[in-house]
Amino acid sequence: MEQIQALRVIRKGEVQHPSVCYGKEDEIMKRVYNFSAGPAVLPEEVLREIADEMLDYRGTGMSVMEMSHRSKPFDEIIQTAEKDFRELLKVPDNYKVLFLQGGAHLQFSAVPMNLMKNRVADYIVTGQWAKRAYEEAKKYGTANKIASSEDRTYSYIPDCSDLPVSENADYVYICENNTIYGTRFQTLPDTKGKDLVADVSSCFLSEPADVSKYAVMYGGVQKNIGPAGMVIAVVREDLITDDVLPGTPTIMKYKTQADAGSLYNTPNCFCIYTCGKVFQWLKRMGGLEVMKQKNEAKAAILYRYLDSSTLFKGTVRKEDRSLMNVPFVTGEKELDAKFVKEADAAGLVGLKGHRSVGGMRASIYNAMPKEGVEALVTFMKKFEEENK
Ligand SMILES: *Cc1c(COP(=O)(O)O)cnc(C)c1O
């Protein structure tokens, strides 16, 4: 196979830290196109800024990693991060923005603990993450599975226009973009007046969203925003009360975190700092409307090719396709494995599908440049030619 090199070699003089030195001759480092589902690609600009500030953050003589979360410079970091996040997503004033630890998984229990006043909640199960949330909620009350796409390996989004929403449901729960299966809700379900809770981990800030349609919107940042170790939860204020389920840990009460400005205990300071830089990058890029256009254009390149290929095919019903996670298969396990291996060697990494689905998956989050998707399609075309 003719070598396609997607590795981008960074040479001396292009970076300010030649102490990070490996590779040969004037090569300082190599950057691959990283299609991992999460932790995932971050904007190169952001990584460079962080590298520049690593030893001395803006004259403090220390790294943000070494800094008190109660210090003035950190206060400015967290305030600015929240302000920029609110601006990007146009978060209404009656919503709190919380920076929380424990990943999306902790929210699977925090949501029922904080919201299940009647101990009834309805779940739309469109994949493994929604299913985990649903199973967790059962511990706290009656969780009803009111729709599911499990019958066809979660390859579509069920019709949610007239669901059997429970009369006394405290909320209706969805996972808006299904990272593993590559589906997404194109329109939000009709909750018949009930509060909507959404896990948006893998589509967070990929396009504008009308926050007012959600009671709680939360996501782990390690997919489309920053490094692992934090969730951002956007919670409507009237839901932030002391009226939580008995036994709810203090730290899991939204009110604790809201009252303390996400600083009840030590937060993931470095993650907040990095996310803040990503928010600034998103603003420089032109905001979420522009990101949506870019993401649609990138996804179109890949889907258009998949629809024309005789070797590869997408696994998701067309109208439910995700803009962020694109699963595909050849139909032959050995060929899939060969593809993943050869792509990896060419600098297109992280393409192996989730262990529960197999095949391939390209995650093309905000920070994946169009050139990365083009390089992937070029590589796929070559592979198709050679493996007819
Ligand atoms: C990755 C992912 C999760 C799990 O996140 P953790 O931070 O590992 O708990 C949950 N939901 C969605 C949609 C995800 O993509």
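For the structure itself, consult the block above.
Residues numbered from 1 in each chain as written. Predicted model: local features only at pLDDT ≥ 70, side-chain atom pairs only at ≥ 80, totals over all residues. Heavy atoms only, no water.

Our focus in this paragraph is the overall build of the protein chain. When you go through the protein chain residue by residue, the secondary structure sums to nine helices and 16 strands. Against the 2.2 N^0.38 benchmark of 21 Å for 388 residues, the protein chain shows a C-alpha radius of gyration of 22 Å, consistent with a compact globule. Dimensions of the protein chain along its principal axes, counting C-alpha atoms only, are 65 × 55 × 30 Å. Relative to its full complement of 388 residues, the protein chain shows a buried share of 55%. Partitioning the intrachain contacts of the protein chain with sequence separation of at least 6 by distance along the chain shows that 67% fall at a separation of at least 24. Split by element, the accessible area of the protein chain, about 17100 Å² in all, is 49% carbon and sulfur. (Helix = DSSP H or I, 4+ residues; strand = E, 2+ residues; numbered from the N terminus. Rg over C-alpha atoms; globule rule 2.2 N^0.38 Å. Buried < 20%, exposed > 50% of the residue type's maximum accessible area, 1.4 Å probe, protein only. Contact = heavy atoms within 4.5 Å. Areas by Shrake-Rupley, 256 points an atom, 1.4 Å probe, with all protein chains shown as cover.)

Turning next to the pairing of strand 6 (residues 142–148). Pairing of strand 5 (residues 120–125) with strand 6 involves six bridges; the strand directions are parallel. Note that in strand 6 the partner of I124 across the bridge is A147. Read from strand 5 through helix 4 (residues 128–137) to strand 6, the crossover connection turns out right-handed. (Pairing = 2+ DSSP bridges. Right-handed = clockwise from strand over helix to strand, strands pointing away.)

Taken together, the seven strands give an open sheet; going across it, the order is 4-12-11-10-7-5-6, and neighbouring strands pair in mixed fashion. In this open sheet, the two edge strands, each paired with only one partner strand, are strand 4 (95–100) and strand 6. Put simply, the sheet's adjacent strands are angled 20 degrees from each other on average, direction ignored. Bridge count between strand 11 (residues 216–220) and strand 12 (residues 231–236): five bridges; the pairing is antiparallel. Along strand 12, the bridge assignment pairs G220 with V231. Relative to strand 4, helix 2 (residues 72–89) is tilted by about 130 degrees, and along the sheet it contacts strand 4, strand 11 and strand 12. (Axes fitted to C-alpha atoms, helices over the stretch in contact; angles between N-to-C directions.)

Attention shifts here to the nonpolar core. F85, I232, F312, F339 and L348 are the most contacted members of the largest nonpolar core, which totals 91 residues. Tallying contributions element by element places helix 6 (residues 269–285) first for this core, with nine residues. Counting 38 residues, the second-largest nonpolar core is a separate cluster that includes L100, Y123, A137 and L245. (Core = buried A, V, L, I, M, F, W, Y, C linked by side-chain atoms within 4.5 Å.)

The next thing to look at is the site of the ligand. Every residue close to the ligand is listed here: G103, A104, H105, F108, W129, C175, N177, T179, D199, S201, Q222 and K223. In the environment of the ligand, an oxygen atom lies 2.5 Å from a nitrogen or oxygen atom belonging to the side chain of H105. Interatomic distance of 2.9 Å between a side-chain N/O atom of Q222 and an oxygen atom of the ligand. In isolation the ligand exposes 390 Å². Once the protein is present, 87% of that is buried. A total of four residues in the shell around the ligand trace back to one element, the largest contributor, which is helix 3 (residues 103–115). In terms of residue class, the shell around the ligand is made up of four nonpolar, six polar and two charged. (Near = heavy atom within 4 Å. Polar contact = N/O pair within 3.5 Å; in protein donor to acceptor, adjacent residues only side chain to side chain. Nonpolar A, V, L, I, M, F, W, Y, C, P; charged D, E, K, R; others polar.)

Okay, the packing of aromatic side chains next. Across all of its chains, the model carries 15 aromatic pairs by this definition. Look at F85 and F279: their rings are 5.5 Å apart centre to centre, the planes differ by 55 degrees, and that puts the pair in the tilted class. Here F279 lies in helix 6 and F85 lies in helix 2, a separation of 194 residues in the sequence. Judged by its relative accessible area of 0%, F85 is buried. (Phe/Tyr/Trp six-rings, centres within 6.5 Å; stacked < 30°, edge-to-face > 60°.)

This next bit is on the environment of R236. Here R236 shows up in strand 12. Separated by 107 residues in the primary sequence, R236 and A343 place their C-alpha atoms 44 Å from one another.

Burial analysis of strand 11 places five of its five residues in the buried class, the great majority of the element. Taken together, the three bridges between strand 10 (residues 196–199) and strand 11 define a ladder with parallel strand orientation. In the strand pairing of strand 11, V197 is matched with V216.

A word on the sheet that holds strand 14 (residues 325–329). Judged by pairing direction, the sheet is antiparallel, and its three strands sit side by side in the order 13-14-16 without closing on themselves. Among the strands making up the open sheet, the edge pair consists of strand 13 (313–314) and strand 16 (360–363). Alignment of strand 13 against strand 14, held across two bridges, turns out to be antiparallel. Its bridge partner being in strand 14, K313 is matched across the sheet by V329.

Counted by the stated rule, this structure contains 30 salt bridges. Here E237 makes a salt bridge to K96, at a shortest N to O gap of 3.6 Å. Of this pair, E237 sits in the loop between strand 12 and helix 5 (254–259) while K96 sits in strand 4; the two residues are 141 residues apart in sequence, bridging distant segments of the chain. Of the residues examined, K96 reaches a relative accessible area of 31% and is grouped as partly exposed. Measuring nitrogen to oxygen at the nearest pair gives 2.8 Å for the salt bridge that ties K253 to D242. Remark: D242 occurs in the loop between strand 12 and helix 5 and K253 occurs in the loop between strand 12 and helix 5; sequence separation between them is eleven residues. Residue class for K253 comes out buried when judged on its relative accessible area of 17%. (Salt bridge = Lys/Arg side-chain N within 4 Å of Asp/Glu carboxyl O.)

Any link to function would need more than the numbers given here.
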